[in-house]
Amino acid sequence: MSRAIFPVHVDVRAWLSARLDVQHFVVNEFGTPTVLLPGLRRVELHVAAQERLPEVEDWTPQHVRPERMLAKDPDGRLARHLAVLAARRTDPAGEAQDTLDRLLNWLAFGLNVLARGERIRAHELLGWVQGGLLRLARLHAGRTAHWANASRRAEQELDAATLARYAGVTASLDGLEVAYANAVAWTLDLAAGLSLHCPEALAAGLRAATMQA
């Protein structure tokens with residue numbers, strides 16, 4: 001993945017095509033130009049306008065290697081902002097309560113949708129639940145190297161018991177009730193293990209919803 005700063009407007013597709021064997025070009029759902037190369041290799045090019053350069057310092061400070069991220073930086077401004085970014089560190093513990101709060105919201109959302117019989121939508125929402133659980137599980141295990149992308153290398157970095165619990169929150173359309181029940185139980189276990197706040201009434205409501213599902 002590359003991040004670049006260009007002094008003038010640039011045709012990103014043409015710039016990439018001149019340097020790579022591009023088989024497919026698309027601007028993905030997050031606004032990032034992306035190309036597919038032979039062998040299904042992917043390249044994302046993150047391009048920042050000069051007036052937005054200070055925002056670089058607020059990017060997720062994970063696996064930042066300024067010397068490998070500079071595609072074009074004629075005056076060194078991007079390098080200076082990347083140096084600030086590289087000096088920052090993620091704060092999983094500081095984000096834990098917010099992560100739990102969002103997870104509780106996704107659980108309630110998914111359970112409500114499931115109760116209405118919208119199983120496909122409930123299955124989609126389960127992905128957000130899984131992401132929150134993986135982050136809290138990584139924090140609980142002390143394995144937060146891939147905090148921003150919690151599923152990355154999960155099989156290599158998390159223990160067998162954690163992976164087994166994760167498997168229990170995955171499901172086909174026919175197994176959503178069990179997956180959501182397991183997700184609620186794991187969420188509450190992690191909240192307790194990490195000393196995070198979960199309102200008792202909400203916890204009781206989530207448990208009751210899984211019994212009705």
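Coordinates for the structure precede this section.
Residue numbering note: each chain is counted from 1, following its sequence as written. In view of the model being predicted, local features appear only for residues whose pLDDT reaches at least 70, and side-chain atom pairs are presented and counted only at 80 or more, with totals across whole chains, interfaces and linings using the full set of residues. For the side-chain quantities, the full set of heavy atoms in the structure was used; hydrogens and water were omitted.

## Some thoughts on the overall build of the chain
Working definition: helices are DSSP H or I runs of at least four residues, strands are E runs of at least two. Numbering for both runs from the N terminus. Tallying secondary structure elements over the chain gives 9 helices and 4 strands in all. Of the regular secondary structure in the chain, the N- to C-terminal order runs β-α-β-β-β-α-α-α-α-α-α-α-α. Along the longest, intermediate and shortest principal axes, the C-alpha atoms of the chain span 60 × 35 × 30 Å. Here the term buried applies to any residue with accessible area under 20% of the maximum for its type, exposed to any over 50%, and partly exposed to those in between, with areas from a 1.4 Å probe on protein chains only. Out of the 213 residues belonging to the chain, those deemed buried represent 37%. For this analysis, residues touch if any pair of their heavy atoms sits within 4.5 Å. For the chain, the share of sequence-separated contacts (at least 6 apart) that also reach a separation of at least 24 residues comes to 60%. Summed over all atoms, the accessible surface of the chain reaches about 12300 Å², with 52% contributed by carbon and sulfur. Charge counting treats Lys and Arg as positive and Asp and Glu as negative, with His and both chain ends excluded. A charge is said to be at NZ when it belongs to Lys, at CZ for Arg, at CG for Asp and at CD for Glu. Of the charged side chains in the chain, 24 are positive and 24 negative; the average position of the first set lies 5 Å away from that of the second. Where accessible areas are quoted, they stem from the Shrake-Rupley method and a 1.4 Å probe; at the residue level, only the protein chains shown are allowed to cover.

## Describing the pairing of strand S2 (residues 24–27)
When DSSP finds two or more bridges between a pair of strands, those strands are recorded as paired. In terms of strand pairing, S2 meets strand S3 (residues 33–37) through 4 bridges, oriented antiparallel. Residue pairing across strands places Val-26 opposite Thr-34, the latter belonging to S3. Here S2 folds back onto S3 in antiparallel fashion, the turn holding 5 residues, of which Gly-31 has a positive phi close to 80 degrees.

## Thoughts on the side chain of His-146
Structurally, His-146 is set in the loop between helix H5 (119–141) and helix H6 (154–157). Pairs of N or O atoms are called polar contacts if they sit within 3.5 Å, as long as, within protein, a hydrogen donor faces a hydrogen acceptor (for residues adjacent in sequence, only side-chain-to-side-chain pairs). One polar contact links His-146 to Glu-157, side chain to side chain, over a distance of 2.9 Å. Apart from the residues lying within four places of it in its own chain, the contact partners of His-146 are Gln-62, His-63, Arg-138, Arg-152, Arg-153 and Glu-157.

## Here we look at the packing of helix H7 (residues 160–167) against helix H8 (residues 176–193)
Angles here are taken between N-to-C directions and fall from 0 to 180 degrees, while the axes themselves are lines fitted to C-alpha atoms, restricted in helices to the stretch in contact. In contact at an axis separation of 9 Å, H7 and H8 are set at 140 degrees when each is read in the N-to-C sense. The orientation of H7 relative to H8 falls into the category oblique. Contacts between H7 and H8 pair Thr-162, Arg-165 and Tyr-166 from the former with Ala-185, Trp-186 and Asp-189 from the latter. In terms of residue class, the contact of H7 with H8 is built from 3 nonpolar, 1 polar and 2 charged. Angular relationships are summarised with four words: roughly parallel below 35 degrees, roughly antiparallel beyond 145, roughly perpendicular across 65 to 115, and oblique for the angles in between. Polar here means any residue outside two lists: the nonpolar Ala, Val, Leu, Ile, Met, Phe, Trp, Tyr, Cys and Pro, and the charged Asp, Glu, Lys and Arg; Gly therefore counts as polar.

## Section: the pattern of salt bridges
Salt bridges are identified by distance alone: a Lys or Arg side-chain nitrogen within 4 Å of an Asp or Glu carboxyl oxygen. Tallied over the full model, the rule gives 8 salt bridges. Arg-42 is the salt-bridge partner of Glu-44, the closest N and O atoms lying 2.6 Å from each other. For Glu-44, a relative accessible area of 17% gives the class buried. As a salt-bridge pair, Glu-157 and Arg-138 come within 2.7 Å of each other at their nearest N and O atoms. Taken together, the residues Glu-157 in helix H6 and Arg-138 in helix H5 connect sequence positions 19 residues apart. Of the two residues, Glu-157 and Arg-138, neither departs from the other in class, the shared state being buried. Connected via shared salt-bridge partners are Arg-116, Glu-118 and Arg-121.

## A closer look at the nonpolar core
Counting 31 residues, the largest nonpolar core has Leu-100, Leu-107, Val-129, Leu-133 and Tyr-180 as its most contacted members. Sorting the residues of this core by element identifies helix H4 (92–115), H5, H8 and helix H9 (200–212) as the ones contributing at least two each. Leaving out residues up to four positions away in the same chain, Leu-133 has contacts with Leu-103, Val-169, Ala-183, Trp-186, Thr-187 and Leu-190. Among the buried residues, those of types Ala, Val, Leu, Ile, Met, Phe, Trp, Tyr and Cys that are joined through side-chain atoms within 4.5 Å form a nonpolar core.

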